[in-house]
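Overview (structure and organization)
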Amino acid sequence: MSLQEISFDNRAKAAMRTVAEQLLVSNQDSTTRIEPINLTGPMFFVCKVNTPIDSFLLSTLLKYEFEYQDIQADYVYGIYDCFSDSITLSKFVKDDIETQNYVELPDENINFEKGVANFWVYFQRPEGLMISEIGKWLFSSAGLLIIVIFTFSFTIFSIIKQKQLTEMKTDFINNMTHEFKTPISTIGLSTEVLMKEETQSDKQKIQQYARIISEENNRLRTQVEKVLQMAILDRGQFELNVKELDLHDLIGSAVEKQRITVENRGGTLSLERNAENSNVRADWEHLQNVVENLLDNANKYSNSAPIIKVETYNNKHGVLIRVADQGIGMDRESQKYIFDKFYRVSTGDVHDVKGFGLGLNYVKIIMDAHDGNIEVNSAPGKGSSFEIFLPFA
Ligand code: ADP
């Protein structure tokens, strides 16, 4: 039973009890006790009063008391005569108007207690309760439906996400194995050459192969460091070593590191220091990695001679660094995901450009840690421009 139903029952009983009291008063009957009002069927209230009941008075009192108790429902009321064991009056009240003289009882099985005169009221399903009941069902069905749809969509979404992540991880592992295989086999071959007897006497050859081993070893170390660094970032275990620094110095040194690689490919790498104030508080190491990653990508994702332009400028709140290339670019859809871990723009099965899909994710994490941000602007075939923003201290 809902709260509204309980409240309705209580108000109906209170109204009928008052009506019974008034009937006794009008009959100047002070000895009869009113028995508790019974609900002998759904919405069927019976009030036993062992006193003659005046039909007109009953009709008026009921209307008055129901109004007083704010009961808005159509009802049938009647009087049961215990001596004749019959209903002597039964009227239908709709919108406060009595429309019929005699109305059948809603349920013929309803039994009146013999031997006691009584009056009864049968309420048609009161509007408020109907609405609340229908509302209750509607709400709970709609709620249930929403929960089912939500759970279903969430499950499908998780499965798709999981599948994508697994594919990206597989790609990553394949990539990594491939990236590690090359230096490992080069080191292997070089040591074999070094171990040959004829090489031992050739100082120049020893130097040459030792240099190859050292270079490949460095390459391996850088790759491993990249992966390890990602694991540290992933666990949120990194701390920034923040110091006041001049971004122009930092970018200058990153640009110089990259310049030889770009120029060896016949490209150009230019730097325009437009920012008047380039002092920020930042972690030199991490920020240099950020700029190096952007420069490395600008070089990697340019098919022929790379043309890379680095610019700095100020806005009211800080310094902006733009790294622009005229390389392969990428479409809008890919731009949404490039900062996700392991994501690499699909180029079919062939990955002619090496990478783990970790670089831009690292850049994003570091920029967020500096309360800065990164934005990309790119079009396929036209090139890409990455812009990072660092707030003033
Ligand atoms: P990766 O190791 O693959 O270079 P990144 O996280 O650095 O990983 O970059 C993610 C992807 O974003 C790259 O695989 C590439 O498809 C795309 N991308 C990044 N920088 C550029 C760029 N300058 N031009 C075109 N595509 C780029």
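This report concerns the structure included in the present document. (Residues numbered from 1 in each chain as written. Predicted model: local features only at pLDDT ≥ 70, side-chain atom pairs only at ≥ 80, totals over all residues. Heavy atoms only, no water.)

**Here we look at the side chain of Ser 378**
- As for its placement among the helices and strands, Ser 378 is situated in strand 12 (residues 373–379).
- Judged by its relative accessible area of 14%, Ser 378 falls in the buried class.
- In this structure the side chain of Ser 378 is engaged in a polar contact, spanning 2.9 Å, whose partner is the backbone nitrogen of Met 330.
- One polar contact links Ser 378 to Ser 384, side chain to side chain, over a distance of 2.9 Å.
- Apart from residues no more than four positions distant in its own chain, Ser 378 is found in contact with Gly 329, Met 330, Gln 335, Gly 383 and Ser 384. (Helix = DSSP H or I, 4+ residues; strand = E, 2+ residues; numbered from the N terminus. Buried < 20%, exposed > 50% of the residue type's maximum accessible area, 1.4 Å probe, protein only. Polar contact = N/O pair within 3.5 Å; in protein donor to acceptor, adjacent residues only side chain to side chain. Contact = heavy atoms within 4.5 Å.)

**Focus on the pairing of strand 13 (residues 383–391)**
- Across the nine residues of strand 13, eight count as buried, placing the element largely inside the fold.
- Across seven bridges, the pairing between strand 11 (residues 318–324) and strand 13 is antiparallel. Counted as the bridge partner of Leu 320 is Phe 389 from strand 13.
- As paired strands, strand 12 and strand 13 are joined by seven bridges and run antiparallel to one another. Along strand 13, the bridge assignment pairs Ile 374 with Ile 388.
- Connecting strand 12 to the next strand, strand 13, in antiparallel fashion are three residues, including Gly 381 with a positive phi near 85°. (Pairing = 2+ DSSP bridges.)

**Overview of the pattern of salt bridges**
- Applying the stated criterion across every chain yields a total of 15 salt bridges.
- Across the pair Lys 94 and Asp 74 runs a salt bridge, and its minimum N-O distance is 3.4 Å. Of the two residues, Lys 94 is situated in strand 4 (residues 86–94) and Asp 74 in the loop between helix 2 (55–68) and strand 3 (75–81); the sequence distance between them amounts to 20 residues.
- Among the residues examined, Lys 94 registers a relative accessible area of 38% and is labelled partly exposed.
- A salt bridge links Arg 259 to Glu 256; its shortest N-O distance comes to 3.0 Å. Remark: Glu 256 and Arg 259 occur in helix 6 (residues 247–264); sequence separation between them is three residues, near one turn of the helix.
- One continuous salt-bridge network, built from bridges that share partners, spans Glu 256, Arg 259 and Glu 263. (Salt bridge = Lys/Arg side-chain N within 4 Å of Asp/Glu carboxyl O.)

**Observations regarding helix 2**
- Counted at 1.5 Å a residue, the expected span for helix 2 with its 14 residues is 20 Å, and the 20 Å between its end C-alpha atoms agrees.
- Inspection of helix 2 places Leu 58, Ser 59, Leu 61, Leu 62, Glu 65 and Phe 66 among the buried residues, and these make up the whole buried set.
- A distance of 3.1 Å separates the backbone nitrogen of Phe 56 from a side-chain oxygen at the start of helix 2, and that oxygen is part of Asp 54.
- Downstream of helix 2 by a residue or two, Asp 70 has a phi angle that is positive, lying close to 55°. (Expected span 1.5 Å × (residues − 1).)

**So, the environment of Asn 289**
- Considering the arrangement of structural elements, one finds Asn 289 in helix 7 (residues 284–300).
- Between the alpha carbons of Asn 289 and Ser 278 there is a distance of 18 Å; along the sequence they are eleven residues apart.
- Within the structure, the side chain of Asn 289 is placed 3.0 Å from the side chain of Tyr 362, a separation counted as a polar contact.

**Examining the site of the ligand**
- Residues in close proximity to the ligand total 18 residues, the closest being Asn 297, Tyr 301, Arg 344, Phe 356 and Leu 360.
- In the environment of the ligand, an oxygen atom lies 2.5 Å from a nitrogen or oxygen atom belonging to the side chain of Arg 344.
- For the ligand, the accessible surface in isolation is 530 Å², of which the surrounding protein chains cover 96%.
- Secondary-structure elements contributing two or more residues to the shell around the ligand are helix 7, helix 9 (359–369) and strand 13.
- When the residues that make up the shell around the ligand are grouped by side-chain class, the tally is nine nonpolar, six polar and three charged. (Near = heavy atom within 4 Å. Areas by Shrake-Rupley, 256 points an atom, 1.4 Å probe, with all protein chains shown as cover. Nonpolar A, V, L, I, M, F, W, Y, C, P; charged D, E, K, R; others polar.)

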